[in-house]
Amino acid sequence: MADQRRKPPNQPQTTSKRQWSLADFDVGKPLGKGKFGRVYLAREIKSKYIVALKVIFKEQIEKYGLQHQLRREMEIQTALRHPNVLRLHGWFHDDERIFLILEYAHGGELYRELRKLGHLSETQAATYIHSLTKALAYCHDKHVIHRDIKPENLLLDHEGRLKIADFGWSVQSRSKRHTMCGTLDYLAPEMVEKKAHDYSVDNWTLGILCYEFLYGVPPFEAESQKDTFKRILKVDLTFPSTPDVSAEAKDLISRLLVKDSSKRLSLQKIMEHPWIVKNAKPMGICPT
Ligand SMILES: Nc1ncnc2c1ncn2[C@@H]1O[C@H](COP(=O)(O)OP(=O)(O)OP(=O)(O)O)[C@@H](O)[C@H]1O
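Residues numbered from 1 in each chain as written. Predicted model: local features only at pLDDT ≥ 70, side-chain atom pairs only at ≥ 80, totals over all residues.

Per an unreviewed UniProt entry, the protein chain is named Aurora kinase, and its organism is Salvia divinorum. Listed in UniProt under the heading Sequence similarities (unreviewed entry), the comment for the protein chain reads: "Belongs to the protein kinase superfamily. Ser/Thr protein kinase family. Aurora subfamily." (UniProt positions renumbered as here; feature names shortened; annotations may be inferred.)

### A few points about the environment of Glu 73
Looking at where Glu 73 falls in the secondary structure, it is placed in helix H3 (residues 67-79). Residue Glu 73 is classed as partly exposed on the basis of its 18 C-beta neighbours within 10 Å. It is 7.7 Å that separates the C-alpha atoms of Glu 73 and Asp 166, two residues lying 93 residues apart in sequence. (Helix = DSSP H or I, 4+ residues; strand = E, 2+ residues; numbered from the N terminus. Buried ≥ 20, exposed ≤ 12 C-beta atoms within 10 Å, placed from the backbone.)

### Considerations on the domain arrangement of the protein chain
Where interface size is given, it is often the accessible area lost as the parts come together that is meant. Entries for the protein chain in the domain assignment read domain 1 (22-103) and domain 2 (108-279). Just the C-alpha atoms count here: the centres of domain 1 and domain 2 sit 26 Å apart. Counting residues at the interface gives 10 residues for domain 1 and 18 residues for domain 2. Of the residues that constitute the side of domain 1 that touches domain 2, the class distribution is five nonpolar, four polar and one charged. (Domains from an automatic or database assignment. Contact = placed C-beta atoms within 7 Å. Nonpolar A, V, L, I, M, F, W, Y, C, P; charged D, E, K, R; others polar.)

### Things to note about the UniProt feature "active site" (unreviewed entry) in the protein chain
As recorded in UniProt, the feature "active site" (unreviewed entry) lies at Asp 148. Following the sequence through the fold, Asp 148 ends up in the loop between strand E7 (144-145) and strand E8 (154-156).

### Structural notes on the environment of Phe 99
Topologically, Phe 99 is positioned in strand E5 (residues 97-103). Accessibility expressed as a C-beta count within 10 Å gives 22 for Phe 99, which makes it buried. With sequence-adjacent residues up to four places away left out, Phe 99 is seen in contact with Leu 22, Leu 53, Val 55, Trp 91, Phe 92 and His 93.

### Looking at the sheet that holds strand E6 (residues 108-109)
Ordered by their spatial adjacency, three strands build an open sheet running E6-E8-E9, and the pairing between neighbours is antiparallel. The open sheet is flanked by E6 and strand E9 (162-164), the only strands paired with a single partner. The pairing of E8 with E9 spans three bridges and is antiparallel. Note that in E9 the partner of Leu 155 across the bridge is Lys 163. (Pairing = 2+ DSSP bridges.)

### Overview of unusual backbone geometry
Cis peptide bonds are those with omega within 30 degrees of zero, and the linkage from Thr 242 to Pro 243 qualifies with -10°. In this structure, Pro 243 sits in the loop between helix H8 (225-234) and helix H9 (247-256). Positive phi, close to 55°, is recorded for Lys 194, a residue that is not glycine. By the element assignment, Lys 194 lies in the loop between helix H6 (189-192) and helix H7 (200-215).

### Considering the nonpolar core
One recurring pattern in soluble globular proteins is that nonpolar side chains are buried together. Ranked by size, the top nonpolar core spans 70 residues in total, and within it Val 51, Ile 129 and Cys 210 carry the most contacts. The residue makeup of this core includes at least three contributed by each of domain 1 (22-103) and domain 2 (108-279). Sequence-distant contacts of Val 51, that is, excluding residues within four places in its chain, are made with Ala 42, Glu 44, His 89, Ile 101, Leu 102, Glu 103 and Tyr 104. (Core = buried A, V, L, I, M, F, W, Y, C linked by C-beta atoms within 7 Å.)

### Focus on the sheet that holds strand E3 (residues 50-57)
If you trace the five strands from one edge of the open sheet to the other, you get E1-E2-E3-E5-E4, paired in antiparallel fashion. Looking at which strands have only one partner, the edges of the open sheet turn out to be strand E1 (25-33) and strand E4 (88-93). When the angles between neighbouring strand axes are averaged without regard to direction, this sheet yields 25°. Note: strand E2 (residues 37-44) against E3, seven bridges, orientation antiparallel. Note that in E3 the partner of Arg 43 across the bridge is Ile 50. (Axes fitted to C-alpha atoms, helices over the stretch in contact; angles between N-to-C directions.)

### What about the site of the ligand?
Not every one of the 21 residues close to the ligand is listed here, only the nearest: Gly 32, Gly 34, Lys 35, Ala 52 and Ala 105. Within the residue set of the shell around the ligand, elements represented by two or more residues are E1, E3, E5 and E6. Residues belonging to the shell around the ligand are distributed by class as follows: 10 nonpolar, four polar and seven charged. (Near = placed C-beta within 6 Å.)

Listed below in structure tokens is the structure:
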């Protein structure tokens with residue numbers, strides 16, 4: 001396999017210097033399947049740079065009226081440059097398909113890792129939460145709220161560095177939002193109640209993820225959707241006796257899973273929290 005550290009392909013759509021086409025790539029094995037298409041390992045022929053090529057069928061997008069959402073996802077992700085945000089190098093299309101040229105995340109889904117291990121160590125969990133917090137601080141600074149952060153949307157690179165992927169549900173806005181979206185277990189109370197919400201929904205999700213990393217299950221899991229909603233609205237938070245989790249980790253979770261969104265710990269305060277300071281690997285590199 002070619003050296004991944006080679007220079008990435010130039011930015012086709014943003015600098016408009018170059019139009020990419022399928023002929024520029026050697027397409028390799030499938031990496032996964034999403035709702036609207038497939039993702040393949042690919043190599044840009046000239047530079048030998050390895051990428052992930054996401055192929056989306058226009059017919060599917062049009063059928064669900066998602067053209068605007070996809071364009072928004074592509075515009076947001078192209079503009080974001082952060083070590084913990086998956087890069088979208090560019091895109092091109094033919095008559096039937098849209099191709100996204102994505103940074104290749106060699107380590108695959110964090111979700112798979114979590115399911116394989118059952119739960120993560122405090123070092124791993126703190127390192128991922130720290131990386132996520134830094135990436136979200138960067139996104140919030142650019143007025144981007146992700147709103148769909150869940151382990152399936154978190155990928156790992158070849159060094160175990162976390163990458164936020166899938167900006168399908170993210171929103172670029174300065175005002176409070178009203179639309180209902182996201183995955184049930186990760187929804188903040190204000191989203192369950194379909195109230196206006198802002199950046200602090202992502203802070204709530206950090207609390208959910210921190211819990212799920214350490215215990216292997218999200219905190220408000222229930223038999224039915226209705227019961228999950230009830231538990232979220234009550235903030236029915238309990239900490240099982242196993243696995244053994246430190247008091248500092250529980251403290252951070254309890255300060256994030258707070259119903260009043262204005263009282264949730266800020267991203268800056270998460271980075272300064274004793275559990276993060278003590279456990280997170282500074283470079284965000286955490287081989288499993
Ligand atoms: N950049 C990448 N590097 C490595 N593997 C990837 C990459 N992007 C996606 N994959 C793999 O392909 C799978 C499908 O990705 P895709 O983004 O299409 O699915 P999805 O998360 O269900 O998104 P959507 O909801 O947009 O369909 C992922 O779950 C992951 O395993």
